[in-house]
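Here is what each chain is made of, one letter per residue.
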Amino acid sequence: MNILLKENKKAASLNPYFALVSIVFVVFIAIAVSFFEGQVKEDVLDSIDQEFVETNQRLKEIVTTTLSEYKSDLRFLYSTPPISGLPRAHFNNGIDPYDGTSYQQWKERLETIFIGFMENNLAVEQVRVIAVTAEGNELIRVQRVGASVEASADYSLQSKSGEPYFLPSTLLEPKQVYMSPLSLNREFGEIEFPFKPMIRFSIPIYSENGKRFAFLIMNVNASTLLNNLKETVFDTSQLIISGSDGDFIIHPLESYQFSRDLNPSVNWQAVYTENIKYNGIYLIKSKANTEEQFYVRSEKLYTRSGNKYGFVNFNLLAPKEYVDNLINEKRLITYSLLFAVIVFTSILLITFYRNAIRSQLLAETRQEASAIVDGSIDAIIALNLKGYLTSLNHTAERLLLISSKAAVGKSSKEIEFLSNLPIDDYVKKIQSSRAQIKDECSFVQGEYIAHYAISVSPVFSEHSNLSGLALIIRDISKEKQAEIKVKRLNSELEAKVRKRTHALAEAKDEAIKHSEVKSAFISNVSHELRTSLNGVIGTLNILKREALTDKSRKLVDMMELSASS
C-alpha cells in the first residue's frame, strides 16, 4: 500500500513534464500530418511526371531513329547510278552521253532497284520520281499492289503538282531531304481506305550541270511506327500525338485520330479546356465531359528542321481518378507508417514515463534502504566473491575500527576482525547452495569474552547472477551472559527442587505410617461400637413389637434413629 501511494505521488510530480512532452508530441504529429498530406500528392505527381519524362524520351528516340533510318534509305536510293543517269539522258535527247544508255533503260533499271528495295522494306508503300515541271508528272512509280510490288505503266502515271509536298520538294537544295507532315494516303484525290498514315521523304535530282530535273520521293506507311509508339506507353497512361496546329494523329478515341484529314474541326483546343503546355505536368478537362480530367505532360519534337511548325507533340495523359487512387494508396502507406511511428513513440514515452517513476522510486527506496542499513544496530558488511569489501555501514565501521572509504576495496584478510572468520568457506557454501548461512563466533578481549551471531546472505545482481555476499554481525555478548545466568539459576533451582522433593517424600512416608495407625484404631473402635449398637438396635426392634403408648413409641423411634445414625 505504501509503495502504491509513493508511485502515485511520483506520478503526480512527473505529470507536468509528461503533459509538456505530450503537447510537443501532438504538435509534432499535427505538423507531420500536414507535411505528409502535401508531400504525398507532390510525390505521386513527381513520380508520374518522371515516368512521363522517361516515356517521352523513349518516344523521341523511337521517332528520331526511325526517321533517320528512312532518310538513310532515301539517300541509298538516291546514290544508285540510274538517278544520275536519268537527267543525263533526258537533257541529251534521251541518250546518256557517258555510256550510250537510253533514258528508257535507266528508267527500267531504276524501277528494278525500287522493286527490290521495297520487297525488303515493307513499310515503304511507294517510291516515285516526279518531274519538276508545272504539271509535276510522275516519271517513275513503283507501288504495292496487294502482296506484290509493281512498277506502274506510263499511262497510269499522275500529275502531282497540286499535292502539298510538291512545292517544298521542288525548292530543295542538292542532297537536302524534305519530310512531309504525316497524312492519310490519297489516290486520285480520295483518301484511301483502309487508312494508311503516310510520311513522304523527298530529295532533289539535279543534272551534272546543276539544272533541276526532278525529285525522288518515298512514301512510308507510318502504321508500324505509330504502333511502336503506342506499345511504348504504359497501360496506366494514354498517348496523344498532336500536330503543330493541334490536330490529332494518335488519340485514345478512334474517331479523333488523323483529324487533319478526316475532321479538321476536331483539335486540341476544341476538345480540352487547357492549351498545351511544355513546363511540366498540368491538369486538363474534357469539354464534352468535365468529369473527365487528366494530368498531362507534353513534349515537343521537331521533325522538320528549319520549319517552326514542323513538329509534333507527345502528350502523355494519366486519368485524375487513377492519380487520386495512387495518392490514396500512398497516403495509406504513409499514414500507416506514421501510425506505427506514433504507436512506437507512444510506447517509448509511456515506458520512459514509467521507468522515470520507477527510477525515482527506486532511488528513494535505495536511499531509505541505505539509511536503514546505516542506522542498523547490526554490522552489515558486503563482500564480493573474492573476499574484498564493497560496502559497510556505520556499525560495521565501529566494529572493524576502520572507515568505509578506507575499508572498501580491501581484502577481508587485511582486517583483523574479518581475518578470524572463515570467509572463504562462506563464499564456497554460498556459491554451492545460495542459501543463508547461520554462524556464531567468540573473541577473548582481556577478561571479557565477546560473542557475535553471524548471518551470511547471498547478493544477486539485476540479472539474478550471484555477485557477492553480505555479512550481518550482531553483538550477542549480553544475551550470552544472560543465558549463562539463566543456566546457573536453573541449576540452583533444580538442586533446591531435588532437596525439597526428598523432604516431601519423607514427610509422605511418615504421614502414611500415621494414617495406617489411625485406620487400625478406627477399625477397632468401629468394631467395638457396632457390636454394642447391634444389641441396642435389636432390642429396640423387639420393643417396638410390644404395645406401647404413643409417647413410649416416639421415644423408641428416636432411640432407633440415633442408633442407626
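Please refer to the structure higher up on the page.
Residues numbered from 1 in each chain as written. Predicted model: local features only at pLDDT ≥ 70, side-chain atom pairs only at ≥ 80, totals over all residues. Heavy atoms only, no water.

## Quick word on the overall build of the protein
Line of reasoning, step 1. Helix and strand content of the protein: 14 helices and 19 strands.
Line of reasoning, step 2. Across the 565 residues of the protein, 36% fall into the buried class.
Line of reasoning, step 3. Sequence-distant contacts in the protein: of pairs separated by 6 or more residues, those separated by 24 or more amount to 50%. (Helix = DSSP H or I, 4+ residues; strand = E, 2+ residues; numbered from the N terminus. Buried < 20%, exposed > 50% of the residue type's maximum accessible area, 1.4 Å probe, protein only. Contact = heavy atoms within 4.5 Å.)

## Observations concerning the environment of Y388
Line of reasoning, step 1. Assignment of secondary structure puts Y388 in the loop between strand 15 (379-384) and strand 16 (389-392).
Line of reasoning, step 2. The spacing of Y388 and S411 is 23 residues in sequence and 4.3 Å in space, taken between C-alpha atoms.
Line of reasoning, step 3. Look past the residues within four positions of Y388 in its chain and what remains in contact with it is A382, L383, G409, K410 and S411.

## Some points on the packing of helix 2 (residues 81-90) against helix 3 (residues 103-120)
Two quantities define a packed helix pair, namely the angle between the helix axes and the distance between the axes.
Line of reasoning, step 1. Interhelical geometry of helix 2 versus helix 3 gives an angle of 160 degrees and a closest axis separation of 9 Å. One finds that helix 2 runs roughly antiparallel with respect to helix 3. As helix 2 packs across helix 3, the resulting crossing turns out to be left-handed. Facing helix 2, whose interface residues are P81, P82, I83, G85, L86, R88, A89 and H90, helix 3 presents Y103, W106, K107, R109, L110 and I113. (Axes fitted to C-alpha atoms, helices over the stretch in contact; angles between N-to-C directions. Parallel < 35°, antiparallel > 145°, perpendicular 65-115°, else oblique. Left-handed = near helix turned anticlockwise from the far one by under 90°.)

## What about helix 12 (residues 423-433)?
Line of reasoning, step 1. Among the residues of helix 12, those classed as buried are I423, Y426, V427 and I430. Projected down its long axis, helix 12 carries its buried residues within an arc of 100 degrees, all on one side. Exposed positions of helix 12 whose direction lies more than 90 degrees from the buried face are K428 and S432.
Line of reasoning, step 2. Taken together, the buried residues of helix 12 touch strand 15, helix 11 (416-419), strand 17 (437-445), strand 18 (448-460) and strand 19 (466-475).
Line of reasoning, step 3. Where helix 12 terminates, the next one or two residues include R434, which has phi positive at roughly 55 degrees. (Arc of directions from axis to C-beta.)

## Quick notes on the sheet that holds strand 10 (residues 238-243)
Line of reasoning, step 1. Ordered in space as 11-10-14-13-12, the five strands form an open sheet in which the pairing is antiparallel. A strand with exactly one partner marks an edge of an open sheet, and here the two such strands are strand 11 (248-250) and strand 12 (282-285). Across the sheet, the mean angle separating the axes of adjacent strands is 40 degrees when strand polarity is ignored.
Line of reasoning, step 2. As paired elements, strand 10 and strand 14 (residues 311-319) share six bridges and run antiparallel to each other. Counterpart to I240 in the pairing with strand 14 is N315.
Line of reasoning, step 3. Those strands touched by helix 5 (residues 223-232) are strand 10, strand 11 and strand 14, and its axis lies near 140 degrees from that of strand 10. (Pairing = 2+ DSSP bridges.)

## Focus: a nonpolar patch on the surface
Line of reasoning, step 1. A grouping of F521, I522, V525, L529, L533 and V536 is seen on the molecular surface, where their side chains present a nonpolar patch of about 510 Å² in accessible area.
Line of reasoning, step 2. Tracing the chain through its elements places F521 in helix 13 (residues 477-544). (Patch = residues over 30% accessible without salt bridge, like charges linked within 9 Å, V, L, I, M, F, W, Y side chains within 5 Å. Areas by Shrake-Rupley, 256 points an atom, 1.4 Å probe, with all protein chains shown as cover. Salt bridge = Lys/Arg side-chain N within 4 Å of Asp/Glu carboxyl O.)

## What about the pairing of strand 9 (residues 212-221)?
Line of reasoning, step 1. Within strand 9, nine of the 10 residues are buried, which leaves it mostly tucked inside the rest of the structure.
Line of reasoning, step 2. Bridging between strand 1 (residues 124-131) and strand 9 involves seven bridges; their strand directions are antiparallel. In the strand pairing of strand 9, Q126 is matched with N219.
Line of reasoning, step 3. In the sheet, strand 8 (residues 197-206) pairs with strand 9 via nine bridges, with the strands oriented antiparallel. From the neighbouring strand, F201 faces strand 9, where its bridge partner is M218.
Line of reasoning, step 4. Connecting the antiparallel pair strand 8 and strand 9 is a turn made up of five residues, with G210 showing a positive phi of about 85 degrees.

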